[in-house]
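So you can see what is in the structure, the chains are spelled out below.
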Amino acid sequence: MLDKYERPKREEKEALKAEIKELRARLIEQQQLVRDSKLPILVLVEGWAAAGKGSLINELISEIDPRFYNVTSPQVLPEAQERYPFLYQYAAAIPENGKIMFYDSGWMEGAVRKYLHRDITSSQYKKRIRAVNEFERQLRDAGYIVLKLFLHIGEKEQRKRLTELKEDYETEWRVSEDDLWQHREYKTFLETYDGFMEKTDDLIRWHVLDGENGRQAVRDALKLLVKKIDKALSEGKYNGEPFKEDFPLLTMPKLSEVDLSPVIEEEEYKEELKRLQKRLGELHNVIYHKRIPVILCYEGWDAAGKGGNIRRIAYPLDPRGFDVKPIASPEPHELNRQYLWRFWTRLPRSGHICIFDRTWYGRVMVERLEGFCTEKDWQRAYNEINEFERQLTDWGAVVLKFWMHIDQDEQLARFTARQETPEKQWKITEEDWRNREKWPQYEVAVDEMIAKTSTKNAPWYIIESNDKKYARIRTLRIVVDALEKACEEHIERGLS
């Protein structure tokens, strides 16, 4: 791709100027159509240091209404300082429907620089390329326009530009040590950029622009953007068949096959609760020191005891090192983005624990059964969720998922008790009763969800919850065992 790039001949200035003016006029016309059609657009501008990425973006946005776009410049932090998954800052910045987001460098630069700095291994680098392909496909499937540009300049031209910037007092700050290092290793970067682009070009194409001719680069970028928008406006949202990958899945029972009779005696409950909470508090200190992120996901029937279970998990934890994220119906700004966005933005930092009270699995339960998304959307979500969770475990996170399971008789008894107890009446709503009527439909959806998303690295645990105390102890044991195992593996990998 880059190694075979042939620089185009220079074109006549006045003709270029006229063409740029015409394309800008068309982009101005499109912006209201983009807003009305709720079309989200992501423009990724990658390229060499001093190639003019910032100038190109400035030219692209010069005539766009500022209310319709944003520009982000993601940082490439050393791996030792990074506290979130690789794609976190890029996923968190995706635009709302009807808006454009320009990335001044992005996931290619972030992956390549860390790889060549030897902050990450070859294996980790390959996983990041895979994650990029998954991320881009998920955006496309959600209806996003993704335009990927690479601004290319030669080694001599880069040396000239960096020297000029470095020698000017007012611009020397724009040249970093990493930029100079990139120039010294130009051929290595060229080969690595080229390899990255070849491995991420099948789904959404890369477009190489001539950075040594700024006006032609602006014209070419405008032409590509206008063309992509026109195509999306005429064809509508992507409606292809859901992508499926064969993830290694655990064999799981159906809910109807789970024995809900287990109970625990009061004395044993008190002793185990004290022992397990003490151990969990100790492990919290260890995972913080080792920077192991932990994500606990709670789903289950209404009144199954999620809140009480979460309280027993949270009680021994240092409040500075954990968060509980209750997930309700999405807000308008969340509905206006790809559905996983609101979970990307709630992830914990490394060394912290995040407890989700309801999760991304709403896509294949509530949204599926209530018709809040299309059948293709929720069918696609099984694979998207497995990819998302794999990216979390590739980052080093412990991901545990609990389905709090009770039978219908127990639920009715708890609903009735809530309704008859004044201080608990707030916990029962008309929606709870309405959902209860759909128990058979939900059971089918939950069985499919667990069967298709219980992976080795992010397993489901069906927690027998007719006896709340038994459920609390079982969950605590699972969490403690998983954290002990994670800490041992951390030491074995020489990461302590």
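Residues numbered from 1 in each chain as written. Predicted model: local features only at pLDDT ≥ 70, side-chain atom pairs only at ≥ 80, totals over all residues. Heavy atoms only, no water.

> Even after reading the chapter, I still don't get the pairing of strand 1 (residues 41-47), so can you show me in this structure?
Consecutive side chains along a regular strand alternate between the two faces of the sheet. Counting buried residues in strand 1 gives seven out of seven residues, a clear majority hidden from the surface. Residues I41, V43, V45 and G47 point to one face of strand 1 and L42, L44 and E46 to the other, with burial holding for every one of them. Here strand 1 pairs with strand 3 (residues 100-104) via five bridges, running parallel. The residue of strand 3 that forms the bridge with V43 is F102. Here strand 1 pairs with strand 4 (residues 145-152) via seven bridges, running parallel. (Buried < 20%, exposed > 50% of the residue type's maximum accessible area, 1.4 Å probe, protein only. Helix = DSSP H or I, 4+ residues; strand = E, 2+ residues; numbered from the N terminus. Pairing = 2+ DSSP bridges.)

> Can you help me understand the pattern of salt bridges in this one?
Where charged atoms from two side chains of opposite charge come close, those side chains can pair. Per the stated rule, a full pass over the model turns up 52 salt bridges. Linking E19 and R219 is a salt bridge whose minimum nitrogen-to-oxygen distance equals 2.9 Å. One end of the pair, E19, is in helix 1 (residues 13-36); the other, R219, is in helix 9 (residues 214-235), with 200 residues separating them in the sequence. Residue E19 is classed as partly exposed on the basis of its relative accessible area, which comes to 26%. For R219, a relative accessible area of 5% corresponds to the buried category. A salt bridge links R279 to E282; the shortest N-O distance between them is 3.2 Å. Of this pair, R279 and E282 both sit in helix 10 (residues 266-290), three residues apart, which is roughly one turn of the helix. E282 sits in the partly exposed class, given a relative accessible area of 32%. Taken together, the salt bridges that share partners define one network made up of K127, R130, E134, E245, R390 and D394. (Salt bridge = Lys/Arg side-chain N within 4 Å of Asp/Glu carboxyl O.)

> It is not clear to me how the sheet that holds strand 7 (residues 322-326) should be interpreted in this structure. Could you clarify?
Strand pairing within a sheet occurs via backbone hydrogen bonds; the two strands may be parallel or antiparallel. With respect to topology, five strands assemble into an open sheet ordered 7-8-6-9-10, the strand pairing being parallel. Looking at which strands have only one partner, the edges of the open sheet turn out to be strand 7 and strand 10 (460-464). Strand after strand, the sheet turns through a mean of 20 degrees between neighbouring axes, direction not considered. Two elements, strand 7 and strand 8 (residues 353-357), share five bridges in a ladder whose sense is parallel. Paired with V324 across the two strands is I355, which belongs to strand 8. (Axes fitted to C-alpha atoms, helices over the stretch in contact; angles between N-to-C directions.)

> Just to check I follow, could you spell out the packing of aromatic side chains for this structure?
For any pair of aromatic rings, geometry is given as the distance between the ring centres together with the angle between the planes. According to the stated counting rule, one finds 27 aromatic pairs in the structure shown. Residues Y90 and W107 carry aromatic rings whose centres are separated by 5.8 Å and whose planes lie at 80 degrees to one another, so their mutual orientation is edge-to-face. A residue pair is termed long-range when its members are at least 10 positions apart, and Y90 in helix 3 (residues 88-91) and W107 in helix 4 (residues 107-116) qualify at 17 residues. Exposure class is identical for Y90 and W107. Each is buried. Their ring planes at 65 degrees and their centres at 5.2 Å tell us that W344 and F388 sit as a pair that is edge-to-face. In this pair, W344 is assigned in helix 13 (residues 341-344) and F388 in helix 15 (residues 375-395), connecting sequence segments 44 residues apart. Taken individually, W344 and F388 each receive the classification buried, so the pair is uniform in this respect. Members of the aromatic cluster, each reached through a chain of ring pairs, are F343, W344, F356, W360, Y361, F388 and W460. The ring of Y238 has R140 sitting right over it, with the charged end atom 4.0 Å from the ring centre. (Phe/Tyr/Trp six-rings, centres within 6.5 Å; stacked < 30°, edge-to-face > 60°. Lys NZ or Arg CZ within 6 Å of the ring centre and 35° of its normal.)

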